[in-house]
Amino acid sequence: MTIGIAVVAALAVGVAAGWWLPPHGRRPAVVTGPAVRRILLPFAGASISRRALEAAIRLAKAENAVIMPAFLARVPRRLPLDAPLSMQCERGIPVLEAITQRATAQGVVVDSRVARGRSYRDALEHLLDEEQFDRIIVSATANPHTGLSKRDLEWLLERVPAEVLILRPAPADERRISAAGVIGHF
Amino acid sequence: MTGGQRGRYTIYLGMAAGVGKTYRMLQEGLARAEAGEDVAIGFLETHGRADTAALADGLERLPRRRVTYRDTVLEELDLPAILGRAPEVCLIDELAHTNAPGVGHHKRYEDIDEVLGAGIEVLSTVNVQHLESLNDRIAELSGVRVRETVPDNVLGRADQVVLIDLTPEALLERLRAGKVYPTERVDAALNGFFRIENLMALREVALRQVAEEVESRRLTTEIVGTREETLAEEASQAFGERLLALVEPYPGSQPLVRRAWRSAQRLGASLDLLWVKPPGRSPTAEQERALGALRQLASVLGAHLLVEESDDVPGAVAAVARRRGSTYILLGPGAPRRGLARLRTPLPQRLMELLPGVDVRIVAARSPRVKEDR
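Along each chain, numbering runs from 1 in the same order as the chain's sequence is written. Starting at A for chains and at 1 for ligands, labels are handed out in the order in which the entities are written. Confidence filtering applies because this is a predicted model: local features only for residues at pLDDT of at least 70, side-chain atom pairs given and counted only at 80 or more, and all residues used for totals across whole chains, interfaces and linings.

Chemist: Where do I start with the overall build of chain A in this structure?
Modeler: In DSSP terms, a helix is any run of H or I states spanning at least four residues, a strand is any run of E spanning at least two, and both are numbered starting from the N terminus. On a plain count of helices and strands, chain A comes out with five helices and seven strands. Counted from the first residue to the last, chain A has its helices and strands arranged as α-β-β-α-β-α-β-α-β-α-β-β. Around each residue's C-beta, the other C-beta atoms within 10 Å are counted; 20 or more make the residue buried, 12 or fewer make it exposed, and counts in between make it partly exposed. All C-beta atoms are placed from the backbone. Here chain A, with 186 residues, has 39% of them falling under the buried criterion. Residues are defined as contacting one another if the C-beta atoms placed from their backbone atoms lie within 7 Å. Relative to all contacts within chain A whose residues are 6 or more apart in sequence, the contacts with residues 24 or more apart total 79%.

Below you can see the structure in the form of structure tokens.
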């Protein structure tokens with residue numbers, strides 16, 4: 001008799017749990033609390049160094065951190081600072097999508113950003129003012145049109161109250177993540 | 001010349017200087033002249049390009065009008081000379097040009113209008129950055145605001161728009177070879193406007209512009225001689241798409257916003273983002289942060305972020321969609337439903353019931369397997 005009641009009770013608990021829990025797998029990962037470590041990954045232009053992204057993903061996995069890829073957009077002097085920048089977004093937004101897809105596929109949570117400024121440094125400064133993060137990963141580049149210059153990097157080292165990881169230029173930087181890396185229709 | 005009838009108008013459109021618009025226009029003029037038509041050059045701008053100048057040698061050039069402005073002698077299109085000569089086909093380069101003060105019309109495309117009105121066929125050229133609606137975007141892209149703009153409907157008035165397409169790589173090769181600008185200007189051009197990413201974006205804009213032009217013409221053609229008002233209304237609706245994306249202040253909303261923006265770009269539509277906030281609950285610090293990021297993203301993309309407080313999500317969405325005239329609603333797949341929530345009608349279905357005629361699209365959360373780099 002007691003065994004029967006126990007079996008019925010167990011079944012009832014099982015049915016209730018099955019009813020209550022979501023039908024498929026775990027709930028999506030949610031970023032909560034200030035304790036989550038954040039890795040900022042700023043980029044400009046139409047691509048990002050694959051090496052920089054891989055470094056960010058590796059660190060994020062090791063530290064259970066969130067990656068914050070940030071697209072830096074430059075607002076020409078003739079336009080107001082809050083002007084929409086659709087042409088630059090056409091280049092940068094697909095890169096954010098490609099980064100999100102790659103990182104998510106490896107189980108890393110992504111929380112992306114877009115920042116504007118009169119220069120890439122200015123855009124980054126706005127971002128630094130508004131966001132908190134523990135680490136920043138940047139690639140050094142000789143081309144001022146595609147990212148932060150040497151002087152910007154020096155400024156970054158002085159300005160950022162977080163660990164800065166600067167990847168020195170390398171032949172592997174030719175391998176880049178761009179809009180072409182977006183999987184599926186976008 | 002066809003008496004009383006307006007002349008045919010062909011515009012050669014390019015993404016930038018040097019793609020070969022003028023050259024192509026001259027080739028067409030020569031071919032027409034060889035076929036026995038009366039062709040004359042009303043105005044030609046060779047920019048010192050020897051190939052272009054050589055090609056023009058085979059055609060009659062009409063005199064230019066000389067105008068003195070601030071002690072400088074400027075050469076402009078001589079409209080009375082063209083109208084007096086009245087060729088069957090007239091080649092007039094750079095329709096976006098602004099005439100010197102004192103010349104009859106302010107802009108060259110207005111001169112062209114008069115030439116067309118005289119029944120003369122016109123072949124002309126323009127770069128995509130001169131179109132008014134694209135001016136801000138081009139300024140954003142290149143940092144250079146083009147002063148010589150033309151209304152977009154100038155393209156609409158043409159009987160034919162011919163896109164002169166060249167890959168950015170090929171254009172840069174021409175530039176380096178000194179075929180576009182004199183050697184001393186090449187470095188400045190390569191470091192300024194003629195950067196590959198600029199050219200790629202401009203090319204995309206030019207291709208899209210022509211595609212939209214073709215679509216617009218198709219709809220206009222359908223309107224003529226049929227149920228004019230109904231089709232005109234349908235045509236205007238086809239161009240008046242408005243997307244509404246349902247978001248929540250958490251990082252997972254950003255891919256949905258990006259996808260919605262991309263769709264809006266393709267449709268030439270406006271984009272609204274809507275968060276239906278549960279009443280009486282203050283956002284957490286994390287939600288505030290995510291909301292700030294969404295606001296920034298919306299602003300950069302030119303979208304509008306709306307926040308409505310309601311515990312009836314479908315009702316609030318439907319009200320906003322009606323108010324904003326939304327034609328598409330985009331939403332994420334949503335969290336798995338639990339408990340009694342499973343008995344409720346799913347949100348997409350409720351929206352379809354409440355908003356007949358509005359497309360509802362569920363944007364998949366993609367978590368692809370890692371592919372090797374392309």
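Chemist: Any chance you could explain the pairing of strand β6 (residues 89-92) of chain B here in plain terms?
Modeler: For a regular strand, side-chain orientation follows a simple rule: the groups alternate between the two sheet faces. All names here are of chain B. Side chains Val89 and Leu91 project from β6 onto one buried face, and the interleaved Cys90 and Ile92 project onto a second face that is buried too. Examined bridge by bridge, strand β2 (residues 39-43) and β6 share four bridges and lie parallel to one another. When the bridges of β6 are listed, Ala40 appears paired with Cys90. Relative to strand β7 (residues 121-127), β6 runs parallel, the two being bridged by four bridges. Pairing of Val89 across the sheet is with Glu121, part of β7. Seen with its strands pointing away from the viewer, a crossover is right-handed if its path from the first strand over the helix to the second goes clockwise. Taken together, β6, helix α4 (residues 108-117) and β7 form a β-α-β motif whose crossover is right-handed. A pair of strands counts as paired when DSSP detects no fewer than two bridges linking them.

Chemist: For this particular structure, what's the right way to read the environment of Gly268 of chain B?
Modeler: Residues and elements named next belong to chain B. Within the secondary structure, Gly268 is located in the loop between α11 (253-267) and β10 (270-277). The class for Gly268 is partly exposed, based on 13 C-beta atoms found within 10 Å. Taking C-alpha positions, Gly268 is 9.1 Å from Glu212, a pair spaced 56 residues apart along the chain.

Chemist: Can you walk me through the sheet that holds strand β3 (residues 66-74) of chain A in this structure?
Modeler: Each strand in a sheet pairs with its neighbour through backbone hydrogen bonds, running either in the same direction (parallel) or in the opposite one (antiparallel). With parallel pairing, five strands are arranged side by side in an open sheet as β4-β3-β1-β5-β6 (chain A). Where the open sheet ends on each side, the last strands, each with one partner, are β4 (113-117) and β6 (163-167) of chain A. Here the strands of the sheet are splayed against their neighbours by 25° on average, with no regard to which way each runs. Pairing of strand β1 (residues 38-43) of chain A with strand β5 (residues 135-139) of chain A, which is carried by two bridges, proceeds in the parallel orientation. Bridge pairing in β5 of chain A places Ile39 of chain A opposite Arg135 of chain A. An axis is simply a line fitted to the C-alpha atoms; with a helix, the fit covers only the stretch in contact. Between two such axes, the angle follows the N-to-C directions and lies from 0 to 180 degrees. Sheet strands in contact with helix α12 (residues 285-301) of chain B are β3 and β4 of chain A, and its direction is about 60° off that of β4 of chain A.

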